[in-house]
Amino acid sequence: MTLKVLSVVSEAYPLIKTGGLADVAGALPAALAPYDVRLTTLIPGYPPVMKALEKSQTVHHYKDLLGVEAHLVGGIAGGLEVIVLDAPALYTRGGGPYAGPDGKDWPDNWRRFAALGRAGADVAAATDLLHAHDWQAAMAAAYLRFDKKTATPSVVTIHNIAFPGRFPAEIFPSLGLPLEAFSIDGVEYFGGVGFLKSGLQAADAITTVSPTYAEQIHEPEFGMGLDGLIAARRDRVFGIVNGIDTAVWNPASDQNLAAVYDDGTLRAREENRRAAEVAFGLSEGEEPLFCAVSRLTQQKGMDVLAAVVDELVAMGGRLAVLGTGEAEIEAAFTAAAVRYPGAVGVRIGYDEALSHLLQGGADAIVIPSRFEPCGLTQLYGLRYGCIPVAARTGGLADTIVDANEAALASGAATGFLFDSVTPEGLTRALQRAMGAFGRREIWRCLQKRGMKTDFSWARSGQRYAELYKRLVNKSL
Ligand code: ADP
Ligand code: GLC
């Protein structure tokens, strides 16, 4: 029997994307389909989502959903089977899904995402299972729990525990939850309301996006105040590594590249490197081209990369950075590009096509994350022969095989991992990468091994399907 699952999420590729969450949410339906799971995605009706909606049909009208009028509209959008929460008062605005054009979070985010949760619980009640992603959707699990009228099981996936969705206690009466919900094992969180916490407390299973991160969040250093809850529920916590959409990310057919290639035609990457040099204002050259495609934040260790640009250039490396984020880090990279014209190029902004070109043309991608639940850019890098130089944490540690002597000898190596996210630690890793780049056969081995590794959704899709089935059969 086909299992009907509602995936509730605040972004999904190709409809709206600010990061890896969208890639995962957009890929999950196809990942689960082979295992007899039909996954429908409930997503807010932001303008680009409304625009993409086809074959739509109103399935429910709320006169008052947490204070606003709303409709649930079923249809197809961007190739996904969706139910859109059409609530113009909440979602018809400029800016991004979470913040206005000034970069500041919308002040009514609590209402915007509590409404998503409320609708999520209502829709999920008629399905076999709820799967909610991150704090923006987590309230769906809490509403299901406190509704008490259905027994629909729920999974909450943590893509990033650093975003707790915490709001002042004053919002509680507007959430429409019973009074008893405002308690330590309910939605209360450090005196306020914690959306992620509420969901994690309510969920029948908690997953996160790599086995290593699943272990790490049991500890205060990574648990960000939720480690106690995670530890208390440890028998319900699972790490399932993300896959990638191998149709969207395929160097042999990628329309964003100047030249397509596979592991037998790696020389064609040179044409992409040339195109990347032009796009980033770099001089044509044979020196290794490192890149970063990232939110420019502390989490991603981008401050550390900015701090070692001088060393990188002194070693003979070049750098292309694509990203947006914290003003100071943006400024540091922009200043580096001015300091090293032709050797360092920076594009402050979000550009899907350029992100593909860098993976297909740069020699290596630098990912010095302080923590990384899974990380997708290393997976894209591996598939594109763009060698990752990454911190040994979370999903990076799970998906990259460090090029130590033994791994090189056995041909298992795929990248460079380092332990200490400091300028010294990163510089040493960059030196190792430079050394290997100078030994062509070794570099080619690394590239080919990465490109041959299976990062498709097949295994992880199966793991989610198994988890869903155990929950539905009450055998967990
Ligand atoms: P996170 O979700 O924490 O930002 P991930 O590595 O999981 O990190 O996913 C990041 C996603 O966003 C990848 O698909 C990456 O290519 C994309 N991305 C990040 N920054 C940019 C950018 N400036 N332009 C285009 N794509 C970007
Ligand atoms: C989050 C994490 C990232 C992960 C992504 C998708 O944004 O920061 O590590 O890959 O979610 O799960």
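Conventions used here
- Residues numbered from 1 in each chain as written.
- Chains lettered and ligands numbered in written order.
- Predicted model: local features only at pLDDT ≥ 70, side-chain atom pairs only at ≥ 80, totals over all residues.
- Heavy atoms only, no water.
- Near = heavy atom within 4 Å.
- Polar contact = N/O pair within 3.5 Å; in protein donor to acceptor, adjacent residues only side chain to side chain.
- Areas by Shrake-Rupley, 256 points an atom, 1.4 Å probe, with all protein chains shown as cover.
- Helix = DSSP H or I, 4+ residues; strand = E, 2+ residues; numbered from the N terminus.
- Nonpolar A, V, L, I, M, F, W, Y, C, P; charged D, E, K, R; others polar.
- Domains from an automatic or database assignment.
- Contact = heavy atoms within 4.5 Å.
- Buried area = accessible area lost by both parts, 1.4 Å probe.
- Salt bridge = Lys/Arg side-chain N within 4 Å of Asp/Glu carboxyl O.

Here the focus is the site of ligand 2. Around ligand 2, the structure places 14 residues, and the nearest of them are His159, Asn242, Glu372, Cys374 and Gly375. One of the side-chain N or O atoms of histidine 159 is found 2.6 Å from an oxygen atom in ligand 2. Glutamine 299 is positioned such that a nitrogen or oxygen atom in its side chain is 3.5 Å from an oxygen atom of ligand 2. Within the complex, 92% of the 310 Å² of free accessible area of ligand 2 lies under protein. Per element, the largest residue contribution to the shell around ligand 2 is 3 residues, and it comes from helix H1 (residues 20-32). In the shell around ligand 2, the residues fall into 6 nonpolar, 6 polar and 2 charged.

Relative to the assigned elements, alanine 12 resides in the loop between strand E1 (3-8) and H1. Counting along the chain gives 31 residues from alanine 12 to isoleucine 43, while the straight-line C-alpha distance between them is 7.9 Å.

What follows covers the site of ligand 1. In the vicinity of ligand 1 lie 19 residues, with Lys17, Gly20, Asp23, Arg295 and Gly349 positioned nearest. Lysine 17 is positioned with one of its side-chain polar atoms (N or O) 2.8 Å from an oxygen atom of ligand 1. Residue glycine 20 places a main-chain N or O atom 2.6 Å away from an oxygen atom belonging to ligand 1. In the complex, the protein chains occlude 92% of the 570 Å² of accessible area that ligand 1 would expose alone. For the shell around ligand 1, the secondary structure elements donating two or more residues are H1, strand E13 (289-296), strand E14 (318-325), helix H14 (352-361) and helix H15 (377-384). Sorting elements by how many residues they give to the shell around ligand 1 places E13 first, with 3 residues. Grouping the constituent residues of the shell around ligand 1 by class yields 5 nonpolar, 8 polar and 6 charged. Mapped onto the domain boundaries, the shell around ligand 1 takes at least three residues apiece from domain 1 (3-243 + 457-472) and domain 2 (266-452).

A separate point is the domain arrangement of the chain. One can read the domain layout of the chain as domain 1 (3-243 + 457-472) and domain 2 (266-452). Put simply, the middle of domain 1 and the middle of domain 2, counted by C-alpha atoms, are 32 Å apart. Between domain 1 and domain 2, the contact holds 22 residues from the first and 17 residues from the second. Carbon and sulfur atoms make up 59% of the area that domain 1 and domain 2 hide from each other, which totals about 1300 Å². The largest per-residue losses of area from domain 1 upon contact with domain 2 belong to Lys17, Thr212 and Tyr213, which jointly make up 25% of the total buried on that side. The tally of links between domain 1 and domain 2 comes to 1 salt bridge. Ionic pairing is found between glutamate 352 and lysine 17, a salt bridge with its closest N-O pair at 3.2 Å.

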